[in-house]
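# Observations on chain architecture
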Amino acid sequence: MCIFCSIIEGNIPSKKVYEDDEILAILDISQTTKGHTLVMPKKHYENFLEMPAEEFGRLMEKTKDIAARVVNNLHANGCNILINTNEVAGQTVMHTHVHIIPRYDENDSISIQFNENKLDLDEVLKQINQD
Ligand code: AMP
Ligand code: ZN
């Protein structure tokens, strides 16, 4: 059983932010920034690409409500919503989850940087839209 399934089953303690029949939100143990929260489906899916769209939709709907509460009540100035998908993207727990990372200022303890690459956009589009 994966570590998040063990948390969902109640076999490993967690700090619950939200729970219903389908979804659990807990404080991330790392607290990258204050209030760092993980929202996960109770059903084990390795990554969100494996989830039925309706279930993913409900997960994101709930994530929005929880993020609003976390940001407002902790007086954050914004947040990053992150889903690491597969090892190459930094996923370490193979039970899909959404990170809510409240942001307080540009020098808080997380930085996300988009580097530029010289790619032919038409060629990229062609590849994405092939059958
Ligand atoms: P990811 O790298 O996207 O797979 O994120 C996994 C996250 O789970 C990391 O941010 C960890 O800090 C967090 N984590 C791992 N174990 C626990 C735990 N027992 N309780 C709460 N968060 C955890
Ligand atoms: Zn699991």
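Scroll up to find the structure this text is about.
First, a word on scope: everything that follows refers to the structure included in this document.

Cut-offs applied
Residues numbered from 1 in each chain as written. Chains lettered and ligands numbered in written order. Predicted model: local features only at pLDDT ≥ 70, side-chain atom pairs only at ≥ 80, totals over all residues. Heavy atoms only, no water. Helix = DSSP H or I, 4+ residues; strand = E, 2+ residues; numbered from the N terminus. Expected span 1.5 Å × (residues − 1). Contact = heavy atoms within 4.5 Å. Patch = residues over 30% accessible without salt bridge, like charges linked within 9 Å, V, L, I, M, F, W, Y side chains within 5 Å. Areas by Shrake-Rupley, 256 points an atom, 1.4 Å probe, with all protein chains shown as cover. Salt bridge = Lys/Arg side-chain N within 4 Å of Asp/Glu carboxyl O. Buried < 20%, exposed > 50% of the residue type's maximum accessible area, 1.4 Å probe, protein only. Core = buried A, V, L, I, M, F, W, Y, C linked by side-chain atoms within 4.5 Å.

Compared with an ideal rise of 1.5 Å per residue, which puts 21 residues at 30 Å, helix α2 (residues 53-73) spans 30 Å between its outermost C-alpha atoms and is within 8% of the ideal. Looking at the buried side of α2, the elements it contacts are β1 (16-19), β2 (23-27), β3 (37-41), β4 (78-82) and β5 (98-103). Note on α2: the residue one or two positions beyond its end, His75, has a positive phi of about 55°.

On the surface, a nonpolar cluster with roughly 290 Å² of combined accessible area is contributed by Leu119, Val124 and Ile128. Examined against the element boundaries, Val124 turns out to sit in helix α3 (residues 121-128). Here Val124 falls in the partly exposed class, since its relative accessible area comes to 32%.

The biggest cluster of nonpolar side chains holds eleven residues, and these are Ile23, Ala25, Val39, Tyr45, Met51, Leu59, Ile66, Ala67, Val70, Val98 and Ile100. For this core, the elements supplying multiple residues, two or more each, are β2, α2 and β5. The element best represented in this core is α2, accounting for four residues. Other than its neighbours up to four places away in sequence, Ile23 contacts Tyr18, Val39, Met40, Lys42, Arg58, Leu59 and Lys62.

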